[in-house]
Amino acid sequence: MIARGQIHSSGPKLAAYLTTGKEGERAELVELRGVLAEDIRGAFADLQHIAALTKAEKPFFHAHIRLPDDERLTREQWLIVADRMEKALGFEGQARAIAFHRSDTHGDHLHVAWNRIDLDTLKAIDPGLFALKMRDEARKLEAEFGLRQLSNEPRPDRLTKAAKQGEFEQAKRLDTDLDALRNGIRQAWNGSDNGPSLAAALEQQGMILARGDRRDFVVIDAAGGEHALGKRVCGVTAGEVKQRLGGEDFKRGLPSVAEARATQRAREEERERGERHGEQGESGAGPFAPQRQESKEDEARRKQGGKEAPGRVTVATTDGGMVAQQREAARELAKRQWLEQFRPKQDGPTRTRGR
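So, how was this worked out
- Residues numbered from 1 in each chain as written.
- Predicted model: local features only at pLDDT ≥ 70, side-chain atom pairs only at ≥ 80, totals over all residues.
- Heavy atoms only, no water.
- Buried < 20%, exposed > 50% of the residue type's maximum accessible area, 1.4 Å probe, protein only.
- Helix = DSSP H or I, 4+ residues; strand = E, 2+ residues; numbered from the N terminus.
- Arc of directions from axis to C-beta.
- Contact = heavy atoms within 4.5 Å.
- Axes fitted to C-alpha atoms, helices over the stretch in contact; angles between N-to-C directions.
- Parallel < 35°, antiparallel > 145°, perpendicular 65-115°, else oblique.
- Left-handed = near helix turned anticlockwise from the far one by under 90°.
- Nonpolar A, V, L, I, M, F, W, Y, C, P; charged D, E, K, R; others polar.
- Phe/Tyr/Trp six-rings, centres within 6.5 Å; stacked < 30°, edge-to-face > 60°.
- Lys NZ or Arg CZ within 6 Å of the ring centre and 35° of its normal.
- Core = buried A, V, L, I, M, F, W, Y, C linked by side-chain atoms within 4.5 Å.
- pLDDT = per-residue confidence, 0-100.
- Pairing = 2+ DSSP bridges.

K.L.:
Explain helix α7 (residues 195–204) to me, please; I cannot follow it from the model alone.
P.N.:
Every α-helix carries 3.6 residues per turn, so stepping three or four residues along brings you back to the same face. By the burial criterion, the buried members of α7 are Gly-195, Leu-198, Ala-201 and Leu-202. The buried residues of α7 all sit within an arc of 130° when viewed along its axis, so they share a single face. In α7, the exposed positions that point more than 90 degrees away from the buried face belong to Pro-196 and Gln-204. Looking at the buried residues of α7, the elements they touch are α6 (178–190), β8 (208–211), β9 (217–220), α9 (238–245) and α10 (248–252).

Right under this line is the structure:
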């Protein structure tokens, strides 16, 4: 059993993810507990408004739990898993949503999202060292359900620390070998002593060193995935990475994330053209590979650093879209309409339950 968790900032985005799934997956919402709204998007928008009364910037916790492809649990067992993880993380009684994502090849995997805001104190519940708590609880559940016992020890061929949830999900979406990519980056780091030598070592593996949107340096793999240079990959701090790779002059000479991704897309198109013509030929690699023009969406994300506008919260509209409302308006609305109504129903009946 592989259990991962992430503290999350946007309720509407999390609600959309739980009920949509990825390409090739079927999503099913099986439980919505402790909320007033009948639908998950409205419920998580309510919770987002309540969070605006606090200083919590990330008022949700998202757990993703899956099994090896050849193992299965019943729905009742999956719900026990959700309850046990909830207790281990300290979220007992908090509003939550449970969803299954199904795949014909990978079976079911479980997603649980909890509201972190304690309605009595209006403070966020801290799950502490949640990665260790979820790992330890997973080992206990494996024994109880007769599942294969996974090891807590890192694989001997892994040179880096385990990836965080976002990078893990990115690799699943792009269908890439995350361990191999991260090991390759680590090997390039170990074999280089400055910025140009690292860029050259990565280039030999089909990867591009780029200047990050929110970090100084990132690596873009051949599929367009982004990997941060730091302790989890290189074993050193961001400051040590910057010191080795050089100053602003070197950084300014690197492509942006959008430019590096455009180069990787151009290389892939060149490879596909070569395959169609029966050529082994050129892959389009190299510093002068053709680049696509940066899209307006990429440009907007780059300029904003991937962040929402300050002082605003995101809520869901009735048509499923996203709009921004002023924080002060959210505060007043939450005070007037939800807070007093919401507290008595925190332990109320579950709105949705699986069959």
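Now that the structure has been shown, the text picks up again.
K.L.:
Whenever I open this one, the packing of helix α1 (residues 11–20) against helix α2 (residues 40–51) confuses me. Can you help?
P.N.:
The packing of two helices is summarised by the inter-axis angle and the distance between the axes. Packing of α1 against α2 leaves a shortest axis separation of 8 Å and a crossing angle of 155°. As summarised for this structure, α1 and α2 are arranged roughly antiparallel, according to the angle between their axes. At the point where α1 passes α2, the crossing takes the right-handed sense. Residue-level inspection shows Gly-11, Pro-12, Leu-14, Ala-15, Ala-16, Leu-18, Thr-19 and Thr-20 of α1 in contact with α2, the latter providing Ile-40, Arg-41, Phe-44 and Gln-48. For the contact of α1 with α2, the residue count by class is seven nonpolar, four polar and one charged.

K.L.:
It is not clear to me how the packing of aromatic side chains should be interpreted in this structure. Could you clarify?
P.N.:
Both the distance between ring centres and the angle between the ring planes are used here to describe each pair of aromatic rings. Enumeration over the complete set of coordinates arrives at seven aromatic pairs. Between Phe-217 and Phe-250, the ring centres sit 6.1 Å apart and the planes meet at 40°, which makes this aromatic pair tilted. One end of the pair, Phe-217, is in strand β9; the other, Phe-250, is in helix α10, and 33 residues separate them in sequence. One aromatic cluster in this structure is built from Phe-61, Phe-91, Trp-114 and Phe-130. Positioned over the ring face of Trp-189 is Arg-244, at 3.8 Å from the centre of the ring.

K.L.:
Even after reading the chapter, I still don't get the nonpolar core, so can you show me in this structure?
P.N.:
For soluble globular proteins, the rule of thumb is that nonpolar side chains tend to be buried together. Residues Met-1, Val-81, Met-85 and Leu-110 are the most contacted members of the largest nonpolar core, which totals 27 residues. Of all elements in the fold, only β3 (60–66), α3 (75–89), β4 (96–103), β5 (107–115) and α4 (130–145) reach the threshold of two or more residues within this core. With six residues, the single largest contributor to this core is α3. For Leu-110, the residues in contact, after removing those within four places along its chain, are Ala-63, His-64, Ile-65, Trp-78, Val-81, Ala-82, Ile-98, Ala-99 and Phe-100. Among the nonpolar cores identified, the runner-up in size contains 19 residues, and Leu-198, Val-219, Cys-234 and Val-241 belong to it.

K.L.:
In this structure, what is going on with the environment of Ala-45? I would like to understand it.
P.N.:
Its place among the elements puts Ala-45 in helix α2. Along the chain, Ala-45 and Ala-15 lie 30 residues apart, while their C-alpha atoms are 8.9 Å from each other.

K.L.:
How do you make sense of the confidence of the model for the protein chain when you look at a structure like this?
P.N.:
Close inspection of predicted coordinates is inappropriate in any region flagged by low pLDDT. Chain-level pLDDT for the protein chain is 76 on average; 73% of the residues reach the 70-or-more range. Low pLDDT (under 50) marks residues 280–294, which in the prediction has 25 contacts with non-local residues, meaning those over four places away or in another chain. Low pLDDT (under 50) marks residues 301–327, which in the prediction has 44 contacts with non-local residues, meaning those over four places away or in another chain.

K.L.:
Help me understand the pairing of β9 in this model?
P.N.:
Each regular strand displays side chains that alternate between the two surfaces of the sheet. Neither face of β9 is exposed, since Phe-217 and Val-219 on one face and Val-218 and Ile-220 on the opposite face are all buried. The pairing of β8 with β9 spans four bridges and is classified as antiparallel. Of the residues in β9, the one forming a bridge with Arg-211 is Phe-217. Alignment of β9 against strand β10 (residues 226–228), held across three bridges, turns out to be antiparallel. Among the inter-strand pairings, Ile-220 is bridged to a residue of β10, identified as Glu-226. Hairpin connection from β9 to β10: five residues lie between these consecutive antiparallel strands, with Gly-224 at a positive phi of about 95°.

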